[in-house]
Each structure stands twice: as structure tokens, then as C-alpha cells.
Amino acid sequence: MKKVLVRGAGGVAGMGMTRCLQDHFDVYGEDDSKWARKLMIAKPSYDCEGPFDLIIPVADSMITRPDHPTILPELVDIRLCQDKAKCSMALGDLAPITYWVRDTHGAGGKGAQMASEYLPGDNYSCEVAFVNGELIGHFIKHRLSYSTIKKDLPLEKRGSSMVSVCVDNPDILQRTLIAIERIGGVPHGAYGVDFKCNEDGVPLITEINPGRFLTASYVYFYSTGYNLPLALYKAYFGESYNLGEYPEGMGIIRCVDSKPWVGKINEII
């Protein structure tokens, strides 16, 4: 059985990744936080004998310090995506209209920040997985709420979505694929792309998360059987894996200190 190491295994994404892979690979984990290490469901990395067949970082800070063997975009493409201003320029009309906000005095752009047009519409994400330019699969979700209490919260209280539903949106997928082509390089590994719709309902890309899946999606992956991370890493090893039926209409409701609810969500929207 192939041995894989999940870096950041004690966080929510790391535990989600472990659940997706543990029935097919021998999964080990490590985490910089001594508290998070107590939450790992992967075996500790120091228990592994011999080298790892694959190393999987799950957080942005780890993705910029790639180990080998791993499956990630080129480092130059990672850095481009993580610089939202440069990424927006590369995306062109796929991104919101952006502005450079800077001090009225001084030089060198000190204090400069980026602002974008107001995007009041629907919120989506699209995740895609590639091996050396070959698309392995995709997953799109519509984020419905960041709280289980009410639908809308102030921006500063937002984080990972609490309520979402899987959708099949060809326009979102097409925009995602064009965007990844524009950032350059041969697509390799996972990409998580966030969208927000403008006043006309046009979905625009607010950011690209290179090299990783999005945290809230792991519940879909291991609960519905549409296991996109497993399909990606199986393909990396030259093995086949049937993703099965796309889980359109399946929703999740997540909350602290409880197991997520997974099911057809249209009846309660």
C-alpha cells in the first residue's frame, strides 16, 4: 500500500484529506501545532518506516514550501495566484474591476492596497484536479450561508461556508478552466477557485487557491463517494478510480461540535 504524508494533518482540511484517503493509502500526518497534533486521525509521521510515496500539504503556507514527491502547480504559478493583485491582472475580464488604493503622499506605493467592485450576487467555488495537464475531475458548490443561524452575516464574520449545495454550472467550470490557462504553466494538482457574482449575475473570480482543495468540500468528497482527492492521487500513481455520479443537489450543513448533515437540500432551502 502506498504511503502518503499529510502535512497540516491536525487541521480541518488535514483531517478531511485523511478521511478521503485512509481506506486506499497508508496515511501518516504531521502538524506544526502541538495542539493540532492531538486531533490528527492519521498515524504520526515518525511511525513510518521508509520514504513516503507522496507528500500532501493542505495549507497555503505549506504549499509555498513544497516537498518531494508531491503534486503541485509550478512555484511561480503558486506565487502568482497568492498575490491577488497580480492574479487579477492575469485573469483580466474574468476578475472583478479592481482599483489600486494608496496614500495621497509619499512614494514607493507604501500603504497601497487593492479594492474591487462591489459583488452583491451569488457565491460559488469550483475545484478542479489535473495530472500533467489532464483534467481528472471537477466539483462546484453554491455557498448558501456562512452561519446556521441566518443567511447573511457581515463580511468580517465570514469564513468557511456552513451551508452549501453541489451544483453543475457549465459557465463556472468554463471560466475556471480559462483562468487556470491564463495563469500559465501546465495545470498540475488541485486548484480551488472562488467566485462572486456582480450586479448583472456574472460570476467573477475573487481568488485562486493553488495546490489545494477547499476545506468545506471534504465532507462532500468522503460522504457522497465523489472522492475527488482520491481520484487525483490515484491518477498520480497511474491507477484508475471511478468518481461515480456527480452529487448535484447534495447539500451540507456544518456546525461546531456536531457531525455535518449531508443530503438533498432543495427541500429545506
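Some points on the sheet that holds strand 9 (residues 163–166)
Across the sheet, seven strands lie side by side as 11-10-7-8-9-12-13; this open sheet has antiparallel pairing. Strand pairing shows two members of the sheet lacking a second neighbour, strand 11 (203–210) and strand 13 (261–264), which therefore form its edges. If you compare each strand with its neighbour and ignore which way they point, the axes differ by 25° on average. Across nine bridges, the pairing between strand 7 (residues 123–131) and strand 8 (residues 134–145) is antiparallel. Each residue of the ladder has a partner; that of Val128, found in strand 8, is His138. Packing against the sheet, helix 5 (residues 170–182) makes contact with strand 7, strand 8, strand 10 (189–197) and strand 11, and its axis sits at approximately 55° to strand 7.

Looking at the pattern of salt bridges
Oppositely charged side chains may form a pair once their charged atoms are brought near each other. Under the defined criterion, the tally for this structure stands at eleven salt bridges. Among the ionic pairs, Glu207 bridges to Lys84, the shortest N-O distance being 3.1 Å. Taken together, the positions of Glu207 in strand 11 and Lys84 in helix 4 (residues 84–91) put the pair 123 residues apart, joining distant regions of the chain. With a relative accessible area of 23%, Glu207 lands in the partly exposed category. Put simply, Glu239 and Lys234 hold a salt bridge, and the shortest N to O gap is 3.2 Å. Take Glu239: its relative accessible area is 29%, and that puts it in the partly exposed class. Given the relative accessible area of 14%, Lys234 is considered buried.

So, how was this worked out
- Residues numbered from 1 in each chain as written.
- Predicted model: local features only at pLDDT ≥ 70, side-chain atom pairs only at ≥ 80, totals over all residues.
- Heavy atoms only, no water.
- Pairing = 2+ DSSP bridges.
- Helix = DSSP H or I, 4+ residues; strand = E, 2+ residues; numbered from the N terminus.
- Axes fitted to C-alpha atoms, helices over the stretch in contact; angles between N-to-C directions.
- Contact = heavy atoms within 4.5 Å.
- Salt bridge = Lys/Arg side-chain N within 4 Å of Asp/Glu carboxyl O.
- Buried < 20%, exposed > 50% of the residue type's maximum accessible area, 1.4 Å probe, protein only.

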